[in-house]
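Summary of structural features
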Amino acid sequence: MGNRVPIDLLIRGGQVVTAAHSSYPVRGRQMQELHIVDQGWVACQGETIVAVGSKETLQGKLDITDQTQIIDATGQVVTPGLVDPHTHLIFGGSREDEFYLRAQGADYMAIMEAGGGIASSVRATRKESLAELVQSGRQRLGWMLNMGVTTVECKSGYGLDLETELKQLEAVRILQQEQPVELVSTFLGAHAWPDEYKDDQEGYVDFLIHTVLPRVKEEDLAEYVDVFTEKGVFSVEQSRRIFQKAKELGFKLRIHADEMNTLGGAELAAEMGMSSADHLLMVSDQGIQALGESDVIPILLPATAFSLRKPYAPARKMLDAGLPVALATDFNPGSCPTANLSLVMSIACLYMAMTPEEVFHAVTINAAHSLGRSDRIGSIEVGKQADLAIFAVDHYKKIPYFFGVNLVTTVVKQGKIVRSDGKR
Ligand code: IZC
Ligand code: ZN
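These lines cover the structure that appears in this document, whether it is placed above or below. Values in this document were obtained by computation on a predicted structure and should not be read as measured data. (Residues numbered from 1 in each chain as written. Chains lettered and ligands numbered in written order. Predicted model: local features only at pLDDT ≥ 70, side-chain atom pairs only at ≥ 80, totals over all residues. Heavy atoms only, no water.)

What follows concerns the coordination of the zinc ion (ligand 2). H86 (NE2), H88 (NE2), H256 (NE2) and D330 (OD) make up the full set of protein donors to the zinc ion (ligand 2), lying at 2.0 to 2.6 Å. What the four donor atoms of the zinc ion (ligand 2) show is an angle range of 79 to 163° at the metal, which sorts the shape as irregular. As a motif over one chain, the donors of the zinc ion (ligand 2) read H-x1-H-x167-H-x73-D. Separated by 74 residues along the polypeptide, H256 in strand β12 (residues 252-257) and D330 in the loop between β15 (326-327) and α13 (341-352) bring together distant segments of the chain. The two residues H256 and D330 agree in class, both being buried. (Donors = N, O, S within 2.8 Å, 3.2 Å for Na, K, Ca; no water. Tetrahedral: all angles 85-135°; square planar, octahedral: opposite > 155°, others 65-115°. Helix = DSSP H or I, 4+ residues; strand = E, 2+ residues; numbered from the N terminus. Buried < 20%, exposed > 50% of the residue type's maximum accessible area, 1.4 Å probe, protein only.)

What follows deals with the packing of aromatic side chains. For the structure shown, the criterion picks out 13 aromatic pairs. Pairing Y204 with F234 gives two aromatic rings, centres 6.4 Å apart and planes at 45°, and the pair type is tilted. Pair noted here: Y204 is in helix α7 (residues 201-218) and F234 is in the loop between β11 (224-228) and α8 (236-248), with a separation of 30 residues, a long-range link. F234 shares its class with Y204; the two are buried. Ring-pair connections join several aromatic residues into one group, and the members of that group are W193, Y197, Y204, F207 and F234. A cation sits over an aromatic face here: R140 above F91, 3.6 Å from the ring centre. Above the face of the F251 ring, K217 is positioned so that its terminal group lies 4.6 Å from the ring centre. (Phe/Tyr/Trp six-rings, centres within 6.5 Å; stacked < 30°, edge-to-face > 60°. Lys NZ or Arg CZ within 6 Å of the ring centre and 35° of its normal.)

A word on the sheet that holds β15. Strands sit in the order β8-β9-β10-β11-β12-β13-β14-β15 across an open sheet of eight strands; the sheet is parallel. Each end of this open sheet is capped by a strand with a single partner; those strands are β8 (82-84) and β15. Sheet topology places strand β9 (residues 149-155) next to strand β10 (residues 182-190); five bridges connect them, and they run parallel. Paired with K155 across the strands is T186, a residue of β10. Across the sheet, helix α5 (residues 130-146) touches β8, β9 and β10, and the angle it forms with β9 is around 140°. (Pairing = 2+ DSSP bridges. Contact = heavy atoms within 4.5 Å. Axes fitted to C-alpha atoms, helices over the stretch in contact; angles between N-to-C directions.)

Let us now look at the site of ligand 1. Residues in close proximity to ligand 1 include R95, Y108, I118, Y158, H191, F228, H256, E259, N332, G334 and S335, which together make up its full environment. Here an oxygen atom of ligand 1 and a side-chain polar atom of Y108 are 2.5 Å apart. For ligand 1, whose unbound accessible area comes to 260 Å², protein coverage reaches 100%. For the shell around ligand 1, the class distribution of residues is four nonpolar, five polar and two charged. (Near = heavy atom within 4 Å. Polar contact = N/O pair within 3.5 Å; in protein donor to acceptor, adjacent residues only side chain to side chain. Areas by Shrake-Rupley, 256 points an atom, 1.4 Å probe, with all protein chains shown as cover. Nonpolar A, V, L, I, M, F, W, Y, C, P; charged D, E, K, R; others polar.)

On to the pairing of β10, then. When you tally the buried positions in β10, you get nine out of nine residues, the bulk of the element. The sheet contact formed by β10 and β11 spans three bridges and is parallel. Within the sheet, the bridge partner assigned to T186 lies in β11 and is Y224. Regarding the hand of the β-α-β motif, the stretch spanning β10, α7 and β11 is right-handed. (Right-handed = clockwise from strand over helix to strand, strands pointing away.)

So, about a nonpolar patch on the surface. Residues L350, Y351 and F403 make up a contiguous nonpolar surface patch of roughly 370 Å² in combined accessible area. The topology assignment puts Y351 in helix α13. (Patch = residues over 30% accessible without salt bridge, like charges linked within 9 Å, V, L, I, M, F, W, Y side chains within 5 Å. Salt bridge = Lys/Arg side-chain N within 4 Å of Asp/Glu carboxyl O.)

Structure, rendered in structure tokens:
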């Protein structure tokens, strides 16, 4: 570093989890190699990280002025802002009745087949105004930001008609303009069969292909298209038709794959070069192999298995096969009403035998890869956007360990302190 760099924000003294790697998703043995700088410094200028390292290597090289904001992170952990790459953020109403029914033994798919489940959220979402959806979305993003999450993927899928699907995506667009969490918008019109098309499934697929997808593209309301590929919902063939059209229109693809049944969603993701294949509770060995031969990021959602009381995805098999696993909350009003990504990290350790090092890669750099944003977010490296979370413990291994506790004291988004409540 020849010239001294003027610094706007300096975070010093913490255990810095950089999660830095090459520009490829992290897999295999690399998942165990979590890069750390103890008592590290992170220096930011504007919205960019300009220096990361130990006090010894950086002292004297940085232009620290009266204007420089300094955060003393001594005894705390500094991580990249967490990335939640699978949520259903925008929905009307809530489904606590189903939660207690499931707790008494009712099955998620049986509730859906009886006209509850997603259909119940669709009725509630159709009724709510855009302003109401924005308001509840704002509250939920506040929960996430408080827990150190700085980027969130959000799906539509509670409209299943043109007007309400657009309304949900519009809510995401408005929220992006008014609050700091970066949002990644996904169209999930293929989430369930709307009542209007109960007896005409192909008609609904045609409607999505010919009417809704082109309109979403025209209005630039989504970056990704997702399908709930599941028995009783969208078959692999129906999904393939929707994805083909989406690809033609220039959307990138993600999929709800092999969640309740082994249907071949993972294989479809590999075949079509999707960005991610999500859930995978019931993925087959061939599915894992197909993913291994592709660039698809498998996103695991263990809080859903926890909430549905289902067997967990075979994470160890996937990790040991060298897949670049990511983790997400799946925050939604039905199968997984938690917005707590730290809790997901704990469940991943406890019930999927993931190591803390694997888990940190999974909620930072690999999640960023799945959203096509790894050049900008997901690790603490010079040149990247200054998205950071600071936790009130002195070692990263204590973060999944204190499960369910929000340890976050400070959140930085694009170089600005957006949450700060000092030391907890
Ligand atoms: O509302 O139940 N699995 N989609 C697919 C969901 C769960 C969300 C919901
Ligand atoms: Zn989902």
